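Examination of the molecular architecture
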Amino acid sequence: MLRLHEYAYHRPSTLAQAAAFLREHEDAMPIAGGTDLMPNMKHRLFTPRHLVALKGVRELHGIWMADAEGRPVATGSPDATQLVIGACTTLSEVARSPMVQAAMPSLAQAAGQVAGPQIRNQGTLGGNLCLDTRCTYYNQSFFWRQALGFCLKKDGDVCHVTRTGKKCVAAHSADTVPALITLGAQVDLVSADETRTVGVDPFFVADGQWNMVRRRDELVARVRIPLPGASVRTGYTKVRQRNSIDFPLLSIAAAVEFEADETVRRVSLVVSALGSRPRVVTGLDKLAAGQRLDAVAEAVAQQAFKQCHPLENIIVDPDWRRAMVPVYVRRALLGLAPARALAA
Ligand SMILES: Cc1cc2nc3c(=O)[nH]c(=O)nc-3n(C[C@H](O)[C@H](O)[C@H](O)COP(=O)(O)OP(=O)(O)OC[C@H]3O[C@@H](n4cnc5c(N)ncnc54)[C@H](O)[C@@H]3O)c2cc1C
């Protein structure tokens, strides 16, 4: 049996209290649904002395429309420019939200493909953004890792994937993030002394040990997603061993903006579960703009293939994973769904 270590459990009721707890205790960690943190604690990957529980903080819950200044407005209001999702909103709530389904189908699809129903009922969007990176040599029990001499990400000094001691390449594995990047989303980060807003793309860095710019005393308070226009269609596909529960072996999100004559104006494509941060595929507008999507889907898929190089950080053959990149990019592009207007 894997036992937990001893820790103090704090239940703040406001965001300010939660931020103050994190500031006060250097070895504190926030916990939302606990679906990632608890297994990791049982594996001794994290041993915080204090947990700051976020689910009782009302300000962190809910999904609402807002105007350009961030003020809540009624659904369907002509002033609505963004959708705001509180960090403690569960993945089931995101996946089932009529607002998310209508305005940004790829995000509803991505949230609906995280793990299985029980985990989606408990796991949150904020926890998904801050999900720890994953690796064959890291997500193991203490005894397993000890037998191998540990690894660069935790307790050791060598990466068993690259066989050097320079850089951890554990995989970014959160499903909602590729969709959020293609949608141009931003996160509000709150600490005891400041609030700052960062794009979801620059939120991540290529360092598997800690792959985000969030400081340990900062909380993700909410995610802000600009409402895509009616000319934008979005989609999400994921490769996993068991469709009922597993983390992605590859995840692909696409957002394509069309002209009135159905030719492509702009393509945004993100592939993840490769390295420590999601990969934004570049050079697509030049390749696709002005053409019909079915005519350029293959070229877009091949551009992704060229830029994506899976590593041995997940227990599946990297060459096979690479071969699947163009297959699933084509599927994502062919399955794009339009944004629908929301009734007031
Ligand atoms: C069997 C299994 C299958 C899974 N499959 C998938 C999958 O397919 N796709 C996927 O994406 N995930 C998967 N997960 C991981 C996890 O369930 C989800 O990523 C979930 O969204 C995590 O959210 P949580 O609220 O439970 O996070 P927690 O476990 O509470 O926290 C995760 C991390 O985020 C930090 N954190 C949480 N909330 C905040 C916040 N508001 N601000 C700052 N830091 C915060 C915590 O300190 C911790 O480091 C799986 C987990 C299990 C056990």
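Placed above this text is the structure.
Within each chain, residue numbers correspond to sequence positions counted from 1 in written order. Under the rules for a predicted model, residues below a pLDDT of 70 receive no local features and side-chain atom pairs below 80 are neither given nor counted, while totals for whole chains, interfaces and linings still include all residues. Note: side-chain values were computed over all heavy atoms of the structure, leaving out hydrogens and water.

Let's shift gears to empty space enclosed by the protein. Only protein atoms enter the calculation, which uses a 1 Å grid: trapped sets of points that fit a 1.4 Å probe without letting it out are cavities, open sets showing protein on both sides within 12 Å along at least five of seven lines are pockets, and any residue with an atom within 4 Å of a point is a lining residue. Grid points are joined across faces, edges and corners, and a volume is the space filled by probe spheres set on the points. Under the criterion given, the structure shown has one cavity of 30 Å³ or more. As a volume, the largest cavity reaches approximately 60 Å³. If you go around the largest cavity, you meet 13 residues; those closest to its centre are Cys 135, Cys 151, Lys 153, Cys 159 and Cys 168. Taken together, the residues that form the lining of the largest cavity break down as 11 nonpolar, one polar and one charged. Three classes are used, and their members are as follows: Ala, Val, Leu, Ile, Met, Phe, Trp, Tyr, Cys and Pro are nonpolar, Asp, Glu, Lys and Arg are charged, and the others, Gly among them, are polar.

With 43 residues, the main nonpolar core has Leu 107, Leu 129 and Phe 203 as its most contacted residues. Here, residues are in contact when the closest pair of their heavy atoms is within 4.5 Å. In contact with Phe 203, not counting residues within four places along its chain, are Leu 129, Cys 130, Val 187, Leu 189, Val 198, Asn 211, Met 212, Val 213, Arg 214 and Val 220. Definition used in this section: a nonpolar core is a set of buried Ala, Val, Leu, Ile, Met, Phe, Trp, Tyr and Cys residues joined via side-chain atoms within 4.5 Å. Note on classification: 1.4 Å probe, protein chains only; a residue is buried when its accessible area is under 20% of the maximum for its type, exposed when over 50%, partly exposed between these limits. Counting 33 residues, the second largest nonpolar core, distinct from the first, contains Val 267, Ala 273, Val 281 and Ala 288.

If you add up the space inside the second largest pocket, you get close to 320 Å³. As for the second largest pocket, its lining consists of 17 residues, of which Met 29, Leu 45, Phe 46, Trp 210 and Arg 216 are closest to the centre. For the lining of the second largest pocket, the residue count by class is eight nonpolar, two polar and seven charged. Delimitation of the domains relies on an automatic or database domain assignment. Here the lining of the second largest pocket gathers at least three residues from each of two domains, domain 1 (1-52) and domain 2 (59-129 + 172-338).

Further remarks concern the site of the ligand. Only heavy atoms are used to decide nearness, and a residue is near a molecule or strand if one of them lies within 4 Å of it. Around the ligand, a shell composed of 34 residues is seen, among which Pro 30, Gly 34, Thr 35, Thr 124 and Asp 175 lie nearest. The contact in question runs from an oxygen atom of the ligand to an N or O atom on the backbone of Pro 30, over 2.5 Å. For every accessible area listed, the method is Shrake-Rupley and the probe measures 1.4 Å; residues are considered covered only by the protein chains on display. Calculation on the ligand without its partners gives an accessible area of 980 Å², and the protein chains cover 93% of this total. Taken together, the elements giving at least two residues each to the shell around the ligand come down to β2 (28-31), α7 (125-129) and β9 (219-226). Residues of the shell around the ligand, tallied by class, amount to 19 nonpolar, nine polar and six charged. Within 3.5 Å is the distance limit for a polar contact, defined as a pair of N or O atoms, with the added protein rule that one can donate a hydrogen and the other accept it, and that residues adjacent in sequence qualify only through two side-chain atoms. In DSSP terms, a helix is any run of H or I states spanning at least four residues, a strand is any run of E spanning at least two, and both are numbered starting from the N terminus.

Strands are labelled as partners when DSSP assigns at least two bridges between them. Read across the open sheet, the three strands follow the order β1-β3-β2; overall the sheet is parallel. A single partner strand is all that each edge strand has here, and the edge strands are β1 (8-10) and β2. The average angle at which neighbouring strand axes cross in this sheet is 25°, direction not considered. Note: β2 against strand β3 (residues 50-53), four bridges, orientation parallel. Across the sheet, the residue bridging to Ile 31 is Ala 53, located in β3. Packing against the sheet, helix α1 (residues 15-24) makes contact with β1, β2 and β3, and its axis sits at approximately 150° to β2. Only the stretch in contact is used when fitting a helix axis, every axis being a line fitted to C-alpha atoms; angles between N-to-C directions are given from 0 to 180 degrees.

The next point concerns the side chain of Asn 139. Tracing the chain through its elements places Asn 139 in the loop between α7 and α8 (142-147). A relative accessible area of 16% means that Asn 139 is categorised as buried. Within the local environment of Asn 139, its side chain forms a polar contact with the backbone nitrogen of Cys 135, the two atoms lying 3.0 Å apart. Contacts of Asn 139, omitting those with residues within four sequence positions, involve Asn 40, His 43, Leu 45, Thr 133 and Arg 134.

Right, let's talk about the pairing of β2 for a bit. Residues Ala 28 and Pro 30 line one face of β2 and the alternating positions Met 29 and Ile 31 line the opposite face, and both faces are buried. For a crossover, the right-handed case is the one in which the path from the first strand over the helix to the second runs clockwise, viewed with the strands pointing away from the viewer. As for the winding sense of the linkage, the β-α-β connection from β2 through helix α2 (residues 37-42) to β3 is right-handed.

Purely spatial values, then, with no claim about function.
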